[in-house]
Number of protein chains: 2
Amino acid sequence: MANKLYIVGLGPGGEGFMTAQARAALEAAEVLCGYTVYIDLVAHLFPEKETYTTPMRRELDRCRWALETAAGGRTVALVCSGDAGVYGMAGPALQLAAQWPDVEIEVVAGVTAALSGGAVLGAPLAHDFCVISLSDLLTPWEVIENRLRCAAMGDFSICLYNPASHKRKDYLQKACDILLAAGKDPETVCGYVRNIGRDGEEGKMVSLAQLRGAALDMFTTVFIGSSTTLCVSGRMVTPRGYERKQGPCA
Amino acid sequence: MANKLYIVGLGPGGEGFMTAQARAALEAAEVLCGYTVYIDLVAHLFPEKETYTTPMRRELDRCRWALETAAGGRTVALVCSGDAGVYGMAGPALQLAAQWPDVEIEVVAGVTAALSGGAVLGAPLAHDFCVISLSDLLTPWEVIENRLRCAAMGDFSICLYNPASHKRKDYLQKACDILLAAGKDPETVCGYVRNIGRDGEEGKMVSLAQLRGAALDMFTTVFIGSSTTLCVSGRMVTPRGYERKQGPCA
């Protein structure tokens, strides 16, 4: 019996962003399991494979099903968009896995939106950075607020996941207010990318003041520069400091 | 004339970690350019291609060569390990690119060590996290120190790049001391991974107190948990909080 569970990060969109390792894991699996939208991204590559999909907010059920099915002797791939770890299924699946000790688990990393969205804008995360989700579905808002404040105090570049949803229309505005109150310049170079790696991909650069007023949706990833982040020929770039040691960069 | 420059993140090691998009960019290029060690990782896949390598610490020269060669009408792929953006060549190349306005640049994201190393340990970055390089070659140490302190105050999971080198043997120890002084528990779940995706890959979990005394090298990526990070059946997992909404995780 196989008793093997792959937890696979697909990257942002279609098959072009998948690693060879991720693709091999999907090929090795007998069953593909995941949130409906992500299964749809890959199911056409493996039309003969069984799929098991669950809607949003049923993450633990999905993990349990994957573990139980693998424990029953089938090879399962539990898929996530982006990376398997970053806000993905590797966390909850590994927490639950103690109940199915015979299942061998392999986590397969993927390109998370901080990287794929960053590439669309330029190189916003080319120096130290933070990744923060604005969703308070699973995290108390005070924790998020404190992290935003600390990220500003540390002058990190910041990548925001889940900047908005139907129920959280004003969260991005609240986040920008916290960053501004913590001393970030309203002219800080920022950007956002919608539908990364999918049809309708769209990147835009704005100031922090403009970002505060932007109406974004849940398919958008937001980038907020550090104090050194630049707009260079329409791209967002956070310098690492080579110019200090190796002469001028521009 | 092509006038095209790809800046390509290769992922952590061999071809298995490369995305299809990265591989296609290398295929499309006439010349592969990069730091010798990274070119060696991929040159065997394209034995017919011309390569141009430069040693470490000649990053700007490498970028200029790539831009100039692309401006001359050849298609160039400038390769980086991990991601193209995160401490990679996309930043300096885009800063310099204004001098070669005819070159079309495409940044191709890759799996950075925070993700690939995280997958080896489990899911250490499954909630909000910071990425900080301990190298003060290009960054004043005070900036690094402040970011470490702010990362601790924000209770982020932290991924450290460049934890040590021949000249910086005690930097990891200094970093741990800053985190401990900022209030992090000496029992915080930590881990590190050496030679990610390459021969001799090795992951280990330790406490923050143990990490302080570890003798690591420059091929190692370090993970420091948040206050909620757990060791679950030998894996490092930062819970996202599903158990609060969907019942117990273990």
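Residues numbered from 1 in each chain as written. Chains lettered and ligands numbered in written order. Predicted model: local features only at pLDDT ≥ 70, side-chain atom pairs only at ≥ 80, totals over all residues. Heavy atoms only, no water.

Before going further, it helps to spend a moment on the interface of chain B and chain A. Listed as interface residues are 74 residues of chain B and, on the opposing side, 75 residues of chain A. Overall, the association of chain B and chain A removes approximately 6500 Å² of surface from exposure, summing both partners, and the carbon and sulfur fraction of that is 58%. Counting the surface chain B buries against chain A, the share from its top three residues, B:Q95, B:L138 and B:R147, is 13%. At the junction of chain B with chain A, the criterion picks out 2 salt bridges. (Contact = heavy atoms within 4.5 Å. Buried area = accessible area lost by both parts, 1.4 Å probe. Salt bridge = Lys/Arg side-chain N within 4 Å of Asp/Glu carboxyl O.)

Summed over the entire model, instances satisfying the criterion amount to 22 salt bridges over all chains. The partner of B:D61 in a salt bridge is B:R58, and the shortest N-O contact between them spans 2.3 Å. For B:R58, a relative accessible area of 44% translates into the label partly exposed. When the shortest N-O distance is used, the salt bridge between B:R149 and B:E145 registers 3.3 Å. One end of the pair, B:R149, and the other, B:E145, are both in helix 6 (residues 141-153), 4 residues apart, so they sit about a helical turn from each other. Counted as one network, the salt bridges with shared partners bring together A:K4, A:E104 and A:E106. (Buried < 20%, exposed > 50% of the residue type's maximum accessible area, 1.4 Å probe, protein only. Helix = DSSP H or I, 4+ residues; strand = E, 2+ residues; numbered from the N terminus.)

Glancing now at a nonpolar patch on the surface. On the surface, A:M56, A:M218 and A:F219 cluster together into a nonpolar patch covering about 280 Å² of accessible area. Turning to its location among the elements, A:M218 is positioned in the loop between helix 8 (208-212) and strand 11 (220-224). (Patch = residues over 30% accessible without salt bridge, like charges linked within 9 Å, V, L, I, M, F, W, Y side chains within 5 Å. Areas by Shrake-Rupley, 256 points an atom, 1.4 Å probe, with all protein chains shown as cover.)

Mapping chain B onto chain A calls for a rotation angle of 180° and an axial translation of 0.0 Å; the resulting RMSD is 0.0 Å. Both copies of the chain, as the preceding transformation shows, are related through a two-fold rotation axis. A high fraction, 100%, of the interface residues of chain B reappear at the interface in chain A, so the copies pair face to face through one surface. (Least-squares fit on C-alpha atoms with pLDDT ≥ 70 in both.)

What follows is about unusual backbone geometry. Residues and elements named next belong to chain A. Even without a glycine there, the phi angle at Y87 is positive, about 50°. Counting through the fold element by element, Y87 comes out in the loop between strand 4 (76-80) and helix 4 (90-96). Residue classification places Y87 among the buried residues on the basis of a relative accessible area of 11%. We note that D155 has phi near 50°; this positive angle belongs to a residue other than glycine. Among the secondary structure elements, D155 is positioned in the loop between helix 6 (141-153) and strand 8 (157-161). D155 sits in the partly exposed class, given a relative accessible area of 21%.

Overall, the coordinates contain 8 aromatic pairs over all chains when judged by the stated rule. Taken together, a centroid distance of 5.0 Å and an interplanar angle of 85° make the contact between A:Y35 and A:Y38 edge-to-face. For A:Y35, a relative accessible area of 17% corresponds to the buried category. Relative accessible area serves as the criterion here: at 22%, A:Y38 is assigned to the partly exposed category. Between A:Y87 and A:Y161, the ring centres sit 5.2 Å apart and the planes meet at 50°, which makes this aromatic pair tilted. Within this pair, whereas A:Y87 is found in the loop between strand 4 and helix 4, its partner A:Y161 is found in strand 8, the two being separated by 74 residues in sequence. As far as the burial class goes, A:Y87 and A:Y161 line up, both buried. Lying over the aromatic face of A:F156, B:R147 brings its terminal NZ or CZ to 5.6 Å of the ring centre. (Phe/Tyr/Trp six-rings, centres within 6.5 Å; stacked < 30°, edge-to-face > 60°. Lys NZ or Arg CZ within 6 Å of the ring centre and 35° of its normal.)

Everything listed here is a matter of geometry and, on its own, says nothing about what the molecule does.
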